[in-house]
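Structural overview
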Protein chains: 2
Amino acid sequence: MAMMPVIKQNLSDNIKHDLKKYILDMDLKESAKLPPEVEIGRKFGVSRVTVRRALDELEQENLIFRIHGRGTFVNPEAAAIKISLNPAQEFGHLIELGGYEAQIKLISQETINRGAMGQGTVNQETMGQGASHRMKKHCRNLQVEEGARLYRIEKVYYADGHPAIVCIDYMPRELFQQEPSEDEWSSMSSFELLRRYAGRLLCRDRVEILTMTREEMGSVTDSALLMECQSVLELDNLAYDQDNQPVISANAFFDTKYIRYNLLRSQEHY
Amino acid sequence: MAMMPVIKQNLSDNIKHDLKKYILDMDLKESAKLPPEVEIGRKFGVSRVTVRRALDELEQENLIFRIHGRGTFVNPEAAAIKISLNPAQEFGHLIELGGYEAQIKLISQETINRGAMGQGTVNQETMGQGASHRMKKHCRNLQVEEGARLYRIEKVYYADGHPAIVCIDYMPRELFQQEPSEDEWSSMSSFELLRRYAGRLLCRDRVEILTMTREEMGSVTDSALLMECQSVLELDNLAYDQDNQPVISANAFFDTKYIRYNLLRSQEHY
DNA sequence: TCCGATTTGTACGTATGTATT
DNA sequence: AAATACATACGTACAAATCGG
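Residues numbered from 1 in each chain as written. Chains lettered and ligands numbered in written order. Predicted model: local features only at pLDDT ≥ 70, side-chain atom pairs only at ≥ 80, totals over all residues. Heavy atoms only, no water.

Remarks on the relation of the copies chain B and chain A
Threshold: Only residues with pLDDT of at least 70 in both copies count here: their C-alpha atoms drive the least-squares fit that superposes the copies. By the convention used here, residues are in contact when the closest approach between their heavy atoms is within 4.5 Å.
Structural alignment of chain B on chain A gives an RMSD of 0.2 Å, achieved by rotating through 180° and translating 0.0 Å along the axis. The symmetry that links the two subunits is that of a two-fold axis. Closest approach to the rotation axis among the C-alpha atoms of chain B is made by B:S231, whose C-alpha sits 3.1 Å away. When you check the interface residues of chain B against chain A, 100% turn up at the interface there too, and the contact is symmetric in its surfaces.

Notes on the pattern of salt bridges
Residues and elements named next belong to chain A. Where we set the bar: One side-chain nitrogen of Lys or Arg within 4 Å of one carboxyl oxygen of Asp or Glu is enough to make a salt bridge. Numbering of helices and strands starts at the N terminus; helices are DSSP runs of H or I of at least 4 residues and strands are runs of E of at least 2. Relative accessible area decides the class of each residue, using a 1.4 Å probe on protein chains only: under 20% of the type maximum gives buried, over 50% gives exposed, and in between gives partly exposed.
According to the stated counting rule, one finds 42 salt bridges over all chains in the structure shown. Linking E110 and R152 is a salt bridge whose minimum nitrogen-to-oxygen distance equals 3.7 Å. Taken together, the positions of E110 in strand 3 (residues 102–113) and R152 in strand 4 (residues 149–159) put the pair 42 residues apart, joining distant regions of the chain. With respect to class, E110 is no different from R152; both count as buried. Where salt bridges share partners, they join E37, R48, R52, D56, E59 and R66 into one cluster.

Some details on the protein's contact with DNA strand C
Spelled out, the test is: We define proximity as follows: a residue is near a molecule or strand when any one of its heavy atoms falls within 4 Å of that partner. Polar contacts, as used here, are pairs of N or O atoms within 3.5 Å; protein pairs need one atom able to donate a hydrogen and one able to accept it. Residues neighboring in sequence count only if both atoms are side-chain atoms. Ten residues, namely Ala, Val, Leu, Ile, Met, Phe, Trp, Tyr, Cys and Pro, are considered nonpolar, four, namely Asp, Glu, Lys and Arg, are considered charged, and the remaining ones, Gly among them, are considered polar.
Taken together, the neighbourhood of DNA strand C is formed by 21 residues, with A:N10, A:L11, A:T50, A:R70 and B:R52 sitting nearest. One nitrogen or oxygen atom from the side chain of B:R48 is found 2.8 Å from a base nitrogen belonging to DNA strand C. The side chain of B:R66 places a nitrogen or oxygen atom 3.4 Å from a phosphate oxygen of DNA strand C. Of all elements in the fold, only helix 1 (11–25) and helix 3 (48–60) of chain A together with helix 3 (48–60), strand 1 (64–67) and strand 2 (71–74) of chain B reach the threshold of two or more residues within the surface near DNA strand C. For the surface near DNA strand C, the leading source of residues is helix 3 of chain A, giving three residues. Per-class residue counts for the surface near DNA strand C are five nonpolar, 10 polar and six charged.

Some details on the protein's contact with DNA strand D
Around DNA strand D lies a shell of 21 residues, among which A:R52, B:N10, B:L11, B:T50 and B:H68 are the nearest. Sugar and phosphate atoms constitute 75% of the interface atoms of DNA strand D, taking the interface as everything within 4 Å of the protein. The contact in question runs from a phosphate oxygen of DNA strand D to an N or O atom on the side chain of A:R52, over 2.8 Å. Elements with a minimum of two residues in the surface near DNA strand D: helix 3, strand 1 (64–67) and strand 2 (71–74) of chain A together with helix 1 (11–25) and helix 3 of chain B.

Some remarks on the sheet that holds strand 7 (residues 231–241) of chain A
The following threshold applies: When DSSP finds two or more bridges between two strands, those strands count as paired. Helix axes are fitted to C-alpha atoms over the stretch in contact, other axes to C-alpha atoms as well, and angles between N-to-C directions run from 0 to 180 degrees.
In space, the seven strands of this open sheet follow the order 3(A)-4(A)-5(A)-8(A)-7(A)-6(A)-9(B), with antiparallel pairing throughout. Each of the sheet's edge strands pairs with one partner strand only, and the pair in question is strand 3 of chain A together with strand 9 (261–266) of chain B. Strand after strand, the sheet turns through a mean of 20° between neighbouring axes, direction not considered. Against the sheet, helix 6 (residues 131–142) of chain A contacts strand 3, strand 4, strand 5 (162–172), strand 6 (202–213), strand 7 and strand 8 (246–254) of chain A, and its axis sits at roughly 140° relative to strand 8 of chain A.

A word on the interface of chain B and chain A
We apply this condition: Two parts lose some accessible area (1.4 Å probe) when they are put together, and adding that loss for both gives the buried area.
Contact with chain B, which involves 53 residues of that partner, is made by 53 residues of chain A. Here chain B meets chain A over a buried area of about 5,300 Å², counting both sides, of which 50% is carbon and sulfur. There are six salt bridges connecting chain B and chain A. One can count 26 residue pairs in polar contact (both at pLDDT 80 or more) joining chain B with chain A. Those elements giving two or more residues to the side of chain B that touches chain A turn out to be helix 3, helix 4 (76–80), strand 6 (202–213), strand 7 (231–241) and strand 9 of chain B.

Written out as structure tokens, the structure reads:
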């Protein structure tokens, strides 16, 4: 039986969560000011230091900002954002956040033998011209040896029936202690499958941001033909588990008409 | 004389800065482990709490990660990233970080009268079909009244001679206590001009991520013709000053062949 | 298996400084 | 000038995870 890693919670995380709810329930038109730190502490029964820790994190996420001597205020921009690039989120959820009805379709699920590449594997026929180069990159990303096998999962996410995201995940097969069923591949996210069958919890990832035309996307996957847009956003993704081991290498393609990523940033001061 | 806002520094910011240098000078192949927190504190002459605060921020930026009971480690991915989407950075600097020689060209600098839109202003001839809609959005972003005047600055950033970024900035003219000279428009960033002549310090911004084909970009600016790529990344940007007032609304277009944005993210756990 | 040393995680209390009203 | 509220920093205590013997 796989050990299922759990997410730890602490006091300031709870406060943070409660404050987040409090903030989103606030009527911003009336006032965007939060209660003083000591008062929040009294309300939740914790010290000011713990409150400050929660506020520090919310400030770093740009949900609030603080003015010395005046108080803590909700960032109205943050409240308006529906889809944020950070933190990473499940794609189906993303589509719903955008106000659309999400529908997920599993295009293919196969096991790829990296060592046998280009020598007549089952899936060679599905590989385009630039595909070999991409495969090499995924293998390098995942730090797999020659001959290691990879799962390849391709899914399309629809927003109100329109194709909004095409996602191709690669995961080392050796991580899995048990093979998921056909139904599970289709209904569960890679995140969830890794947690259940490999005991791996995704903690962080690195994203590279690219663009391409639909034609260029066609050299990566036939699903490009489904897209209704002329240009797509590509997010190349490498995700790490709790031990900092790479576990998913992915290419995701977005129609920015349906997926409008936003990001709150702080400014670099030198 | 404009008051020039300065950036405050505190103890943990200093430690953070020193640690960052220490990290980048480390030989990651040998060991990615940092000294224990108490030892760092001794070395810098501060308490463990202050060290932890600096480490907290570095961890939130994903430059390091910590393992309970084992230690603090450098994130090897972070060291490999050249161009990060967060925090915001000056575009010329960005191009140099990518290993190219940067060259900046001011395409145009003009003052736009919002109230007179569509009634025969100086620049109407340069406005395409979707431009009016874009102008409205910039005005809404900047919260300017009817009749307020806006600066419009268009620049092209070259990487080794190739057009890599086209950026169009809009700023309320009323913020400026003094009109920058022709030379200053060309040589200084909007960030710098706002600081010197408006006493505004950019603190945070919101970015919206879109894509378009070069043809579609042509309806926004003629500079699209310069681009060598078929699809561009568009970052729509709204920047706020230290008082949370919007000061720059911008459209930036990127050739992702030259500007490869990366981003380190944490994972959303529900 | 257990113990102790090390190291990070969490939380509280306190003191002082500084900006705003 | 006083009150309020956030900012910074130190010290302390104990909890929890890891690792070696």
